[in-house]
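# Fold and contact review
What follows is the residue order along each chain.
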Amino acid sequence: MAETPHPRHSGLVRVTHWLITFAFLALLVTGLEIVVSHPRFYWGETGNVNTAPLFKIPIPSSRNMVPTGYGYVLPDQNGWSRYLHFQSAWVLVLVALLYGVASLWNGHFRRNLLPSLSDVSPKRLATSIIEHLRLKRPGPEEAWSYNILQRLAYLLVIFVLFPMIIWTGLAMSPSFVSAVPSAVNVLGGQQSARTLHFFLTWALVLFLLVHVFMIFLAGFRSRMRAMITGRAPGRGPEPGPEPLERV
Amino acid sequence: MSKLSRRKLITTGIAATAGASGLVVAAKLARRYGLVPPDSGGIYGPGETLTYAAQRVLTRHSLAREFSRSQISAKPFANEVAPMGDEFERHKQSAFTDWRLSVDGLVARPSSFSLAELKSFPRRRHITMIQCEEGWSYIAEWTGVPLSHVLERVGALPQVRYVIYRSFQPDWWESIDMADALHPQTLLTHEMNGGELPVGFGGPLRLRVTRQLGYKSLKYVTQLTLTDNIKQFGKGLGSAEPEGGYAWYAGA
């Protein structure tokens, strides 16, 4: 075995990162496929083609009863899309739980994602925002740690966007809300949950696009290698007093 | 190999063995407590089984949300159905006086009820939402006889595990487990919003299953079959929907 002091990303982070990536992509494709069967969105409890939508997406539909203005109907893909959507949702939820519990336990959140108090000053934040806007390539020190904006973005995705999209998804389930009615009531209704679920999807897609762009900016090969094999240029900081693994 | 990695290997091995045997035990328990859906085979089986099992544990007795009269949708919507044919037209002309619901399978007294008889049975009504898997929905008041009452009347045998229900449309058939069949909101509906159930919405008789998506609320119900072995019907997937690629359990 080669001399590796410790990897850039722990095995758990690497494996869960890619499982969640694949689950998210499957959820995205199948989710959009399901939307195509009714590309109209509403607010409140109910909505159908007889009610005024909050907004519609100007695309053809896979069902002939939706008035889209297009003279044709797309092939219906809802069956397998729904099966795969829910199966991927299970993968995402279970893997995210494993990641979340392990990261609380081993200090990953505290050590690698929680910004230090000195970093959240307006001045530091402003500097980091300007560096990002100028598309400045990160220096070698960032090969082994996250900058402040990165940390805040990851925390937002982990603790706000993913929990919210899972919640709004569950709030659409007639069976789940029969047991937990408040899950949908506090959102303002089942159609509101569906609309929020759709917006949250785009928030996560936006994150994905920026994330991938930043990977290219920082060096696609080195960042991908770090997330796949764990190896990164240079030597990382010593593990410190906190043992990386509890044996 | 260092001491640490040997130790790691052994721990991983033990964890993997424990995990695998845990899965086997879980699968046995799930089967025993009826937590495996009929369409559990195939690549989407694991996800379907997790959904069905989790919801059966969580929602066995829960009631679907009921709404106030003011929340009833002013403009409900119903998907078009294929032309029903001459026989249905004749039923329609005679105001469905000859419409019958037959009940067979694992029952003490196989029976056939007219619409008038069903209407004379105890009624329950609820204002609930019906949600299509496509994403649209409406709220209506549904009135009918609880399915549990009909099952009691025909003497359902204790070993019954599923109720199969068939539509006048020959290719449409569905089934539900006993948690839904005996559920107090599961009604053989013959009225909607205080009037006759319109044909477009499934009249004269629609089985409302409140905790699942709209396609489980089958229209034009003509027959109930009680069984302990769902696999012997159709392709063994539980209903017509999985044969067309849709999940049998639609609690979502």
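Residues numbered from 1 in each chain as written. Chains lettered and ligands numbered in written order. Predicted model: local features only at pLDDT ≥ 70, side-chain atom pairs only at ≥ 80, totals over all residues.

### Some thoughts on the nonpolar core
Defined as follows: Put simply, a nonpolar core is a cluster of buried Ala, Val, Leu, Ile, Met, Phe, Trp, Tyr and Cys residues tied together by C-beta atoms within 7 Å. Burial is judged by counting other C-beta atoms within 10 Å of a residue's own C-beta: 20 or more means buried, 12 or fewer means exposed, and anything between counts as partly exposed, with every C-beta placed from the backbone. Runs of H or I in DSSP of at least four residues are treated as helices and runs of E of at least two as strands, each being numbered from the N terminus.
Judged by nonpolar contacts, the single largest core of 43 residues is most densely connected at Val 163, Tyr 165, Leu 188 and Val 221 of chain B. At five residues, strand E4 (residues 137-146) of chain B tops the list of elements feeding residues into this core. Counting 31 residues, the second-largest nonpolar core is a separate cluster that includes Tyr 83 and Leu 196 of chain A together with Tyr 52 and Leu 213 of chain B.

### A few points about the interface of chain B and chain A
Quick reminder of the rule: Residues are treated as contacting if the C-beta atoms built from their backbones sit within 7 Å of each other.
At the junction of the two partners, chain B supplies 38 residues and chain A supplies 33 residues. When contributions to the side of chain B that touches chain A are tallied by element, the ones reaching two or more residues are helix H2 (45-59), strand E3 (124-131) and E4 of chain B. The element contributing the most residues to the side of chain B that touches chain A is H2 of chain B, with eight residues.

### A look at helix H4 (residues 122-133) of chain A
Residue and element names in this part refer to chain A. Rule in force here: What a helix should span is 1.5 Å times the count of its residues minus one.
Over its twelve residues, H4 extends 16 Å from the first C-alpha to the last, a length consistent with the 16 Å expected when each residue adds 1.5 Å. Counting buried positions over the twelve residues of H4 gives zero, only a small fraction of the element. Following H4 by one or two positions, Leu 135 has its phi on the positive side, about 55°.

### Here's the deal with unusual backbone geometry
Negative phi is the rule for most residues except glycine; trans is the rule for most peptide bonds. At the junction of Gly 203 of chain B and Pro 204 of chain B, the peptide bond is cis and its omega measures out at 15° in the coordinates. Look at Leu 135 of chain A: it is not a glycine, yet its phi comes out positive at around 55°. Along the chain, the position of Leu 135 of chain A falls in the loop between H4 and helix H5 (148-170). Since 9 C-beta atoms lie within 10 Å of it, Leu 135 of chain A is described here as exposed. Of note in this structure, Phe 96 of chain B is not a glycine but carries a positive phi near 60°. Of note, Phe 96 of chain B is situated in the loop between helix H3 (86-93) and strand E1 (100-105). The class of Phe 96 of chain B is buried, set by 21 C-beta atoms lying within 10 Å.

### A few points about the pairing of E4 of chain B
Residue and element names in this part refer to chain B. Keep this limit in mind: We call two strands paired when DSSP finds no fewer than two bridges between them.
Counting buried residues in E4 gives eight out of ten residues, a clear majority hidden from the surface. For E3 and E4, the ladder comprises eight bridges, and the chain directions are antiparallel. When the bridges of E4 are listed, Gln 131 appears paired with Ser 137. Between the end of E3 and the start of E4, which pair antiparallel, lie five residues, with Gly 135 showing a positive phi angle near 125°. With five bridges joining them, E4 and strand E7 (residues 187-192) adopt antiparallel strand pairing.

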